[in-house]
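One letter stands for each residue in the lines below.
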Amino acid sequence: MTEFRPLDGIRVVDVTSSLAGPTCTQLLASLGADVVKVEPLGGDHAREWGPPFVDAQGVMFLASNAGKRSLSIDLSDPRGLEALLRLADGSDVLVQSLRPGAAEQHGFGAETVRARNPRVVYCSIGAFGAKGPLRGQPGYDPLLQAASGIMSVTGVDEMPPVRVGVSLIDLGTGVWAALGVVGALYERDRTGRGRTVEVSLYETALSLLSYQLVGYVGTGEVPGREGSAFAQIAPYQVFATRDGELMIVAGNDKLFQALCRVLGLEELADDARFLTNPERVRHRGELIGLLEAATRVRATDELLAALVDAGIPASPVRNVGEAAEHEQTRALGMLQALGGLTTVAQPLSVDGDRVGHAAPPPAIGADTAAILQELGYGDEDVAALAADGVVRLG
């Protein structure tokens, strides 16, 4: 793993839960920031999302909270709020993902925190955004997949709507939040002042539909479901083989001609219906039927080897276990051992070295005492707060 730690010396207060916010702050931690995860006394609710569980912790929590310290505190108690504000006073970033207006109600909204510490970068992660008729509504990834139109372009027409199998809106929002935070920190070096950064699941979802939205606005045509196919290119989808399936991506005329040769269908390359990509898209149904008649009689491994030799992008449709065990995954070092936990390292390398995580996810309140002492609380103060149920010690 790399020693690339550009955020070393930056402290981040992480008042987030679920996946989008923790993804943001885990990314900042992997870049060197000291991230303090502020949890309620019962912990981030994602700890209990499962099964599956690893060491009694939900896997979503484990996958998005590495490299952090845990401060478990009751923010509804004035003493808990005061501790949080003191922490924010000496920090560079505060990220929160509470329901709209909740941070302000609890007493640590952007205006309050930035008035006390003008250098802080305050990042709010919301559901539908800071403006508009839906601004006050909460939301989760699958709800935003439905609300944004993503479900309407996922799956096949003869099936009910389905969610994308990964939480791409949460993950994408976390990355956008981290990018906004890093940009605001970079600007702060020149101005001496922080910023209020706002991202939302809805805005991320719309950005993921970029070319579908451009197409709709420009033509008035509402895109539909294409299964594994890509609406603008053909052939560009999963094909059945004799013993499995292959994703075959012939994205231009040269690749299509090569595919025809591999399948022994050279005559299709000269067929007027299939000479150009627009024609192939227009006659997609006829084309796919002809191609799949040829792929169905070929063994997966044999056909894959022939396609790769011809320079045609293709891949088996692997399951998660097969991808985890694949030699390419091992070669890249994408799975990182952290004590007894194996997690996913960051999809980023610097000077040839993988950006990973410095430590496994923390236990609830594991660092409460140490963090409070850093804020000037004495041992007796910490003990009193614990005895009164204001904080939880690990």
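Residues numbered from 1 in each chain as written. Predicted model: local features only at pLDDT ≥ 70, side-chain atom pairs only at ≥ 80, totals over all residues. Heavy atoms only, no water.

Trainee: Even after reading the chapter, I still don't get the overall build of the protein, so can you show me in this structure?
Mentor: Summing up its helical and strand segments, the protein has 18 helices and 16 strands in all. Each of the three principal axes of the protein carries a C-alpha extent, and together these read 85 × 45 × 40 Å. Residues counted as buried form 45% of the 394 residues belonging to the protein. Within the protein, residue pairs in contact and separated by at least 24 positions form 68% of the contacts whose partners lie at least 6 positions apart. Accessible surface, the protein as shown: approximately 19400 Å² in total, 55% of it carbon and sulfur. Where the 33 positive side-chain charges of the protein centre and where its 49 negative ones centre are 4 Å apart. (Helix = DSSP H or I, 4+ residues; strand = E, 2+ residues; numbered from the N terminus. Buried < 20%, exposed > 50% of the residue type's maximum accessible area, 1.4 Å probe, protein only. Contact = heavy atoms within 4.5 Å. Areas by Shrake-Rupley, 256 points an atom, 1.4 Å probe, with all protein chains shown as cover. Lys, Arg positive; Asp, Glu negative; His and termini not counted. Charge placed at Lys NZ, Arg CZ, Asp CG, Glu CD.)

Trainee: Would you explain helix H13 (residues 284–295) in this entry?
Mentor: Every α-helix winds through 3.6 residues per turn, so residues three or four apart in the chain are directed the same way. Look at H13: 16 Å from first C-alpha to last across 12 residues, which is about the 16 Å you get at 1.5 Å a residue. All of the buried residues in H13 are Arg284, Leu287, Ile288, Leu291, Glu292, Ala294 and Thr295. One side of H13 carries all its buried residues, which in axial view fall inside an arc of 150°. Exposed residues on H13 whose side chains face more than 90 degrees from its buried face are Gly285 and Ala293. (Expected span 1.5 Å × (residues − 1). Arc of directions from axis to C-beta.)

Trainee: Hey, could you run me through the sheet that holds strand S9 (residues 236–240) in this one?
Mentor: In sheet architecture, strand pairing relies on hydrogen bonds along the backbone and comes in two forms, parallel and antiparallel. Within the open sheet, the 3 strands sit side by side as S9-S10-S11. Their pairing is antiparallel. Each edge of the open sheet carries a strand with a single partner, namely S9 and strand S11 (314–316). Ignoring strand direction, the axes of neighbouring strands in this sheet form an average angle of 25°. (Pairing = 2+ DSSP bridges. Axes fitted to C-alpha atoms, helices over the stretch in contact; angles between N-to-C directions.)

Trainee: Quick question: what am I supposed to make of the sheet that holds strand S8 (residues 196–200) here?
Mentor: Across the sheet, which stays open at both edges, the 7 strands sit in the order S8-S7-S6-S1-S2-S5-S16 with mixed pairing between neighbours. Whereas interior strands pair on both sides, the edge strands pair on one side only; in this sheet they are S8 and strand S16 (391–392). Taken together, the 2 bridges between strand S5 (residues 68–73) and S16 define a ladder with antiparallel strand orientation. Pairing of Ser72 across the sheet is with Arg392, part of S16. Set on the sheet, helix H7 (residues 168–191) makes contact with strand S6 (93–96), strand S7 (121–126) and S8; between it and S7 the angle comes to about 165°.

Trainee: How should I be thinking about the state of the cysteines in this particular structure?
Mentor: By definition, a disulfide is the covalent link that joins the sulfur atoms of two cysteine residues. The full count for this structure, using the stated rule, is 0 disulfides. The cysteine Cys24 is free of any disulfide, with Cys123 supplying the nearest cysteine sulfur at 5.3 Å. (Disulfide = S-S within 2.5 Å.)

Trainee: Explanation requested: the pairing of S5 in the structure shown.
Mentor: Here is the key point about a regular strand: its side chains alternate between the two faces of the sheet. The buried fraction of S5 is high, at 6 of 6 residues. Burial along S5 is two-sided: Lys68, Ser70 and Ser72 and Arg69, Leu71 and Ile73, pointing in opposite directions, are all buried. Bridging between strand S2 (residues 34–39) and S5 involves 5 bridges; their strand directions are parallel. Looking at the pairing, Val35 lines up with Lys68 of S5.

Trainee: Would you explain a nonpolar patch on the surface in this entry?
Mentor: Taken together, the side chains of Tyr216, Val217 and Val222 define a hydrophobic patch exposed on the protein surface, amounting to about 340 Å² of accessible area. You can call Tyr216 partly exposed: its relative accessible area is 42%. (Patch = residues over 30% accessible without salt bridge, like charges linked within 9 Å, V, L, I, M, F, W, Y side chains within 5 Å. Salt bridge = Lys/Arg side-chain N within 4 Å of Asp/Glu carboxyl O.)

Trainee: I keep staring at the environment of Ser30 and nothing clicks. Help me out?
Mentor: When you line up the elements, Ser30 lands in helix H1 (residues 20–30). With relative accessibility at 5%, the residue Ser30 sits in the buried group. C-alpha separation for the pair Ser30 and Asp170, spaced 140 residues apart in sequence, amounts to 18 Å. With residues near it in sequence (within four places) discarded, Ser30 still touches Phe4, Gln346, Val355, Gly356 and His357. Within the local environment of Ser30, its side chain forms a polar contact with the backbone oxygen of Leu27, the two atoms lying 2.7 Å apart. (Polar contact = N/O pair within 3.5 Å; in protein donor to acceptor, adjacent residues only side chain to side chain.)

Trainee: Hey, could you run me through the environment of Asp388 in this one?
Mentor: Along the chain, Asp388 turns up in the loop between helix H18 (379–387) and S16. Taking the C-alpha atoms as reference, Asp388 lies 47 Å from Leu208; in sequence the two are 180 residues apart.

Trainee: Honestly, the packing of helix H8 (residues 201–208) against helix H9 (residues 210–219) in this entry has me stumped. Any pointers?
Mentor: Packed helices, taken two at a time, are described by the angle between their axes plus the distance between the axes. The geometry of H8 relative to H9 is characterised by a closest axis approach of 5 Å and an angle of 70° between their N-to-C directions. Between H8 and H9, the angle falls in the class roughly perpendicular. Between H8 and H9, the residues in contact are Leu206, Ser207 and Leu208 and Ser210, Gln212 and Leu213, respectively. Considering only residue class, the contact of H8 with H9 consists of 3 nonpolar, 3 polar and no charged. (Parallel < 35°, antiparallel > 145°, perpendicular 65-115°, else oblique. Nonpolar A, V, L, I, M, F, W, Y, C, P; charged D, E, K, R; others polar.)

Trainee: What is the right way to read the nonpolar core from this model?
Mentor: Nonpolar side chains in soluble globular proteins generally cluster together in the buried interior. Formed by 33 residues in total, the largest nonpolar core has its most connected members in Val12, Leu28, Val93 and Ile125. Contributing elements (two or more residues each) for this core: H1, S6, S7, H7, S8 and H8. It is H7 that contributes the most residues to this core, 6 residues altogether. Formed by 28 residues, the second largest nonpolar core is a distinct cluster that contains Val15, Leu71, Leu85 and Tyr122. (Core = buried A, V, L, I, M, F, W, Y, C linked by side-chain atoms within 4.5 Å.)

Trainee: Hey, could you run me through H7 in this one?
Mentor: Its 24 residues give H7 an end-to-end C-alpha distance of 34 Å, which sits within 8% of 34 Å, the value for a rise of 1.5 Å per residue. Of all the positions in H7, only Ile169, Asp170, Gly172, Thr173, Gly174, Ala177, Ala178, Val181, Ala184, Leu185, Glu187 and Arg188 are classed as buried. Here the buried face of H7 lies against H1, S6, S7, helix H6 (141–148), S8 and H8. Of the residues trailing H7, Gly192 is marked for its positive phi of about 80°.

Trainee: Can you walk me through the packing of aromatic side chains in this structure?
Mentor: Each aromatic ring pair is specified by the distance between its two centres and by the angle formed by the two planes. What the rule picks out here adds up to 4 aromatic pairs. Between the aromatic rings of Phe230 and Tyr236, the centroid separation amounts to 5.3 Å while the plane-to-plane angle is 40°, which identifies the pairing as tilted. In this structure an aromatic cluster arises from ring pairing among Tyr211, Phe230 and Tyr236. The ring of Phe256 carries Arg280 above its face, with NZ or CZ at 4.6 Å from the centroid. (Phe/Tyr/Trp six-rings, centres within 6.5 Å; stacked < 30°, edge-to-face > 60°. Lys NZ or Arg CZ within 6 Å of the ring centre and 35° of its normal.)

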